[in-house]
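Chain by chain, the residues run as shown.
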Amino acid sequence: MDASAWALVGLVIFLGLVAYFKIPATVGASLDKRADTIRKELEDARRLREEAQALLADYQRRRQEAVSEAEGIVAEAKREADRLTLEANTALEEMIARRTSAAERKIAQAESQAIAEVRSRAADIAIAAAETILSKKVSGAVGEDLLAKSIEEVKSRFN
């Protein structure tokens, strides 16, 4: 027997031992088990990806709702600010009108009071002048009577 024959015998014994210990079935079972594990991991990964996509869609929807709500709040705040500005302007215009009216009344009152004072002073001066003139020109009871009438007449005309 040469070396080739011994190599063939060794190969047959080796294959016999491999078949006896059921190594191909063990390797096949191990590969099947590994394939099942990989299949389960892929399924879990697919499920997790779908959940992540669902969460992402939910968060995007919530974000869009929050943006819409924020825009609504800003728009409402603008409307409120415009309304308050309009009310403040109206109140300011009313206050200015009231103060202008009050100032005009005070001016008119002061003017009429000044006119009355000027008339009163003019009447007093006219009375004093008439009294002085009449006392120099007319004397006695007739002068006093005439003086009293003149004073009353001047008073009635100026008032």
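Anyway, here's the lowdown on the structure attached to this text.

About the criteria used
Residues numbered from 1 in each chain as written. Predicted model: local features only at pLDDT ≥ 70, side-chain atom pairs only at ≥ 80, totals over all residues. Heavy atoms only, no water. Phe/Tyr/Trp six-rings, centres within 6.5 Å; stacked < 30°, edge-to-face > 60°. Buried < 20%, exposed > 50% of the residue type's maximum accessible area, 1.4 Å probe, protein only. Helix = DSSP H or I, 4+ residues; strand = E, 2+ residues; numbered from the N terminus. Expected span 1.5 Å × (residues − 1). Salt bridge = Lys/Arg side-chain N within 4 Å of Asp/Glu carboxyl O. Patch = residues over 30% accessible without salt bridge, like charges linked within 9 Å, V, L, I, M, F, W, Y side chains within 5 Å. Areas by Shrake-Rupley, 256 points an atom, 1.4 Å probe, with all protein chains shown as cover.

### A word on the packing of aromatic side chains
Link 1 in the chain: Applying the stated criterion to the full structure yields one aromatic pair.
Link 2 in the chain: With a centroid separation of 5.1 Å and an interplanar angle of 75°, the aromatic rings of Y20 and F21 are classed as edge-to-face.
Link 3 in the chain: Residue class for Y20 comes out exposed when judged on its relative accessible area of 63%.
Link 4 in the chain: The exposure class assigned to F21 is exposed, which follows from its relative accessible area of 54%.

### Description of helix α1 (residues 3–20)
Link 1 in the chain: With 18 residues, α1 ought to run about 26 Å at 1.5 Å a step, and its terminal C-alpha atoms sit 25 Å apart, in line with that.
Link 2 in the chain: Taken across its 18 residues, α1 has one buried, putting it largely on the surface.
Link 3 in the chain: In the stretch just after α1, K22 is the one whose phi turns positive, near 55°.

### With respect to the pattern of salt bridges
Link 1 in the chain: Scanning all chains against the criterion turns up 10 salt bridges.
Link 2 in the chain: In this structure, R83 engages E80 in a salt bridge whose closest nitrogen and oxygen atoms are separated by 2.2 Å. Residue R83 and its partner E80 are both found in helix α2 (residues 23–137); the two are separated by three residues, about one turn of the helix.
Link 3 in the chain: We classify E80 as partly exposed; its relative accessible area is 31%.

### Concerning the environment of A97
Link 1 in the chain: Tracing the backbone through its elements, the reader meets A97 in helix α2.
Link 2 in the chain: By relative accessible area, which is 46% here, A97 ends up partly exposed.
Link 3 in the chain: Counting along the chain gives 54 residues from A97 to E43, while the straight-line C-alpha distance between them is 80 Å.

### Observations concerning unusual backbone geometry
Link 1 in the chain: Here K22, not a glycine, exhibits a phi torsion of approximately 55°, which is positive.
Link 2 in the chain: As for its placement among the helices and strands, K22 is situated in the loop between α1 and α2.
Link 3 in the chain: A relative accessible area of 56% means that K22 is categorised as exposed.

### A short note on a nonpolar patch on the surface
Link 1 in the chain: A cluster of nonpolar side chains, M1, W6, V9, I13, L17, Y20, F21, I23, V27 and L31, forms an exposed patch at the surface whose accessible area comes to about 1,100 Å².
Link 2 in the chain: Here L31 is to be found in helix α2.
Link 3 in the chain: Residue L31 is classed as exposed on the basis of its relative accessible area of 56%.

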